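What the coordinates show
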Amino acid sequence: MATAGSGIVGFVSEGVSDDPRVANSTALICNGEERSYGDLALAIDTMRHVVARRCGLGAVVAVIGDTSIEFIETVLGVIAAGAVVLPLSPQYPLAERQRACSLAEPALVITLPDLAAAEQEACAALGREHLAWADYAIASAAIQGPGEPDASVDSVAIDPDSPALLLFTSGTAGKPRLAELTHSNVEASIRSTIDHSAELGEAADVVLGVMPLTHVLGLVTVLGVSLALKATLVLVPQPTVESVVAAVDERQVTLLVAPPVFWHRLAAASPDAKALASVKLAISGAAPLSGSLAKQVTATVGLTLRQGYGLTEASPALTSSVGLAAPATSVGRPVPGVELRLVDEFGDDALIGDVGEVWARGANIFAGYRGDPAATANVLDPQGWLRTGDLAVVDDKGYLYIVGRSKDQIICSGFNVHPTEVEERLLSDDRVQAVAVVGAPDREFGEVVVAWIVPSVAMIDEAEQRSLLAAELRDHCRVSLAGYKVPSRFEFVDELPRGLGGKLRRRALRSP
């Protein structure tokens, strides 16, 4: 059994009690507020007590809030209590959060202070019990006051193979599901990322990650690696090119991690390269990086981008090009502890230069989809191999290149979108007879969602009428879908392309 100080939480407490320099060093910075490693460890322990008095080991706790110091303290405190965190962004529509909570059935919902009063009330109904941040402040003050600590709370023992995180994903299995990442999954991913290259540790003095902390890249890789390296993590709650560049310059950030959409905007804005001079290592993740964008970033601001590759089901790290002389378009080689195979359509290992589906195995591979053994069996074979659905080739130097996907999922700004979810929402509108949702290449977002619609009424001929219907359908989607899932374009047609057996031919709708 593992204690409450193991896993990602253990990275915070390592050395704090033994070395005053570690305890006093800065762990987090957000909007001018700072938190030392010693103070962070204390805040996590306080939240652990609050949560443990409300729910037992293995209970699910939904944490709803944006990127902030309070969000990190809460998530890590829940994990330290032996509960399972379901992190949810308040930017997602309420229906999206309800869908996740209906799958996870949280015993407790914690809402952070950045939620409006109406949001607090709506979120309170998502779990059996609700804890607002104001209530937490009262409870924590009581815990830190005089009196003997609760011995039952202090004797937490956590099975490393029990779940630590539930992450909502439309990954390899189709419709949205909750991926269970165990304590050992998360720790293995963090350690293998660090062990891949000494360059990462040498560069990680001050870290800034552009991905939100509700995304696996932001929560596990950026936050987890920063804590393990005892780096300072700079948080920018609402990142724009201007706010990120200003933070890099002010805090002298040395490691910058962001998805391709940010690098595209950075290159387009072409800020003064001097403001980014402190950056020793720039990493692109969450979605494929094109060679042209990598060259553009180098030309405009002088940064050489390195790529990583992973997915939620891998917690997320699978490969990295950090520390390698790999081309910009390569995602590098497997990180330590990860086995990779490229499997062709016949189930054999693909040859060098031939396309194959990426299969992965290691201690970081997730436990499965919560409450869905059939979906889990579809992606995890009995030998522990994860079938990612991603297609890749490997060159004679062992560098991996992602070339496509064998599944229908769309990746927009690093977030997975499965067409079925969007199609079901559109079909709930009586004016839609049939629909097919596909991804279209986009320079800024990587891919955007495009909906091909067969109207249930007579075909709309006037451009103005088509535009009005598209706007109304877009609003219809926004009610229950996160913004990145809402179609950016609607195409109206008389019929959808289908094969002889009636199966939809999505490939025929995708842009070349």
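The notes below deal with the structure included here. Residue positions are counted from 1 within each chain, in the order its sequence is given. Only residues with pLDDT of at least 70 get local features here, since the model is predicted, and only at 80 or more are side-chain atom pairs given and counted; chain-wide, interface and lining totals rely on the full set of residues. Side-chain numbers come from the whole structure's heavy atoms, not from hydrogens or water.

Here's the deal with the overall build of the protein
Regarding its fold elements, the protein presents 17 helices and 27 strands. Only C-alpha atoms enter the radius of gyration, while the globule expectation follows 2.2 Å times N to the 0.38, with N the number of residues. Here the protein has a C-alpha radius of gyration of 23 Å; the compact-globule value for 512 residues is 24 Å, and the two agree. Based on the C-alpha atoms only, the size of the protein along its principal axes is roughly 75 × 50 × 50 Å. With 512 residues in all, the protein has 56% of them scored as buried. Helix and strand assignments come from DSSP, with helices taken as H or I runs of at least 4 residues and strands as E runs of at least 2, each series counted from the N terminus. Between buried and exposed lies partly exposed: a residue is buried under 20% and exposed over 50% of the maximum accessible area for its type, with that area taken using a 1.4 Å probe on protein chains only.

Remarks on the packing of helix α12 (residues 241-251) against helix α13 (residues 260-269)
As a packed pair, α12 and α13 sit with axes 10 Å apart at the nearest point and diverge in direction by 85°. When the interaxial angle is binned, α12 and α13 end up roughly perpendicular. Contacts between α12 and α13 involve V241, V244 and V245 on the former and, on the latter, F262, R265, L266 and A269. For every element, the axis is a line fit to its C-alpha atoms; helices are fit only across the contacting stretch, and the angle between N-to-C directions ranges from 0 to 180 degrees. Geometric relationships in this document are graded by angle, where less than 35 degrees denotes roughly parallel, more than 145 denotes roughly antiparallel, 65 to 115 denotes roughly perpendicular, and other angles denote oblique. Contacts: residue pairs with any heavy atoms within 4.5 Å of one another.

Some thoughts on the pattern of salt bridges
A carboxyl oxygen of Asp or Glu within 4 Å of a side-chain nitrogen of Lys or Arg is what we treat as a salt bridge. Inspection of the entire model under this criterion finds 21 salt bridges. Between R370 and E180 there is a salt bridge, with its nearest N and O atoms 2.8 Å apart. In this pair, R370 sits in the loop between β20 (368-369) and α15 (373-379) while E180 sits in strand β10 (residues 177-182), placing the two residues 190 residues apart along the sequence. With relative accessibility at 27%, the residue R370 sits in the partly exposed group. Assessed through its relative accessible area of 16%, E180 is described here as buried. In this structure, the salt-bridge partner of D349 is R341, at a minimum N-O distance of 2.8 Å. Here the salt bridges share partners, and the residues they tie into one network are E14, E187 and R191.

Quick notes on the sheet that holds strand β17 (residues 333-334)
Two strands are said to pair when DSSP picks up at least two bridges between them. A sheet is described by the order of its strands in space; here nine strands give the open sequence β3-β2-β12-β11-β13-β14-β15-β16-β17, paired in mixed fashion. Of all the strands in the sheet, just β3 (33-36) and β17 have a single pairing partner and so form its edges. Along the sheet, helix α3 (residues 37-52) contacts β2 (26-30) and β3; its crossing angle with β3, the most-contacted strand, is approximately 85°.

Describing the packing of α3 against helix α4 (residues 69-80)
Between α3 and α4, the least distance of the axes is 7 Å, while the angle of their chain directions is 55°. Accordingly, the angle class assigned to the pair α3 and α4 is oblique. Judged by the sense of rotation from one axis to the other, the crossing of α3 with α4 is right-handed. Residue-level inspection shows L40, A43, I44, M47, R48 and V51 of α3 in contact with α4, the latter providing E73, T74, L76, G77, V78 and A80. The class makeup of the residues in the contact of α3 with α4 is eight nonpolar, two polar and two charged. Note on convention: the crossing is left-handed when the near helix lies turned anticlockwise from the far helix by less than a right angle, right-handed when the turn is clockwise. Basically, the charged four are Asp, Glu, Lys and Arg, the nonpolar ten are Ala, Val, Leu, Ile, Met, Phe, Trp, Tyr, Cys and Pro, and anything else, Gly included, counts as polar.

What to know about the environment of G362
With respect to the secondary-structure elements, G362 resides in the loop between β19 (356-361) and β20. Between the alpha carbons of G362 and L340 there is a distance of 9.0 Å; along the sequence they are 22 residues apart.

A few points about the pairing of strand β16 (residues 317-320)
Looking at chain direction, strand β15 (residues 305-310) and β16 are connected through three bridges and run antiparallel. From the neighbouring strand, G308 faces β16, where its bridge partner is S320. Counting the residues between successive antiparallel strands, the hairpin from β15 to β16 contains six residues, one of them, S315, with a positive phi of roughly 70°. The pairing of β16 with β17 spans two bridges and is antiparallel. Counterpart to T319 in the pairing with β17 is P334.

Topic: the packing of aromatic side chains
The criterion for an aromatic pair is that two Phe, Tyr or Trp rings (for Trp, the six-membered ring) have centres within 6.5 Å, with stacked assigned to planes under 30 degrees apart, edge-to-face to planes over 60 apart and tilted to the rest. Across all of its chains, the model carries four aromatic pairs by this definition. Seen from their ring centres, Y92 and Y484 are 6.2 Å apart, and the 65° between their planes marks the pair as edge-to-face. Residue Y92 is found in the loop between β5 (84-88) and α5 (94-104), and its partner Y484 is found in the loop between α17 (463-478) and β27 (489-492); the two are separated by 392 residues along the sequence. Classification of Y92 by relative accessible area gives buried; the value is 15%.

Topic: the environment of P113
Mapped onto the secondary structure, P113 falls in the loop between β6 (108-111) and α6 (117-124). In the structure, P113 is positioned 45 residues away from S68 in sequence and 10.0 Å away in space, judged by C-alpha atoms. In this structure, P113 is in contact with Q120 and W133, ignoring residues within four places of it in sequence.

A short note on unusual backbone geometry
For the bond running from S315 to P316, omega is -5°, close enough to zero to count as cis. With respect to the helices and strands, P316 occurs in the loop between β15 and β16. One non-glycine residue, N31, adopts positive backbone phi at about 50°. Within the secondary structure, N31 is located in the loop between β2 and β3. Along the chain, the position of S315 falls in the loop between β15 and β16. Classification of S315 as buried rests on a relative accessible area of 0%.

A look at the sheet that holds strand β25 (residues 432-442)
The strand order β25-β26-β27 describes an open sheet built from three strands, whose pairing is mixed. Two strands lie at the open edges of the sheet, namely β25 and β27, each paired on one side alone. Adjacent strand axes in the sheet meet at a mean angle of 25°, parallel and antiparallel pairs treated alike. Pairing analysis gives four bridges linking strand β26 (residues 446-455) to β27, with the strands arranged parallel. Bridge pairing links I453 to F492 in β27. Together, β25, β26 and β27 form the strand contacts of helix α16 (residues 419-427), whose direction differs from that of β25 by roughly 140°. Lying on the sheet, α17 is in contact with β25, β26 and β27; it crosses β27 at an angle near 130°.

Remarks on α17
Between its terminal C-alpha atoms α17 stretches 23 Å, which fits the 22 Å expected from 16 residues at 1.5 Å a residue. Elements that come into contact with the buried residues of α17 comprise α16, β25, β26 and β27. By definition here, a helix of n residues has an expected span of 1.5 Å times n minus one.

With respect to the environment of V241
Relative to the assigned elements, V241 resides in helix α12. C-alpha of V241 to C-alpha of P271: the two residues are 30 residues apart in sequence and 8.6 Å apart in space. With residues up to four places along the chain from it excluded, the contact list for V241 reads F262, R265, L266 and A269.

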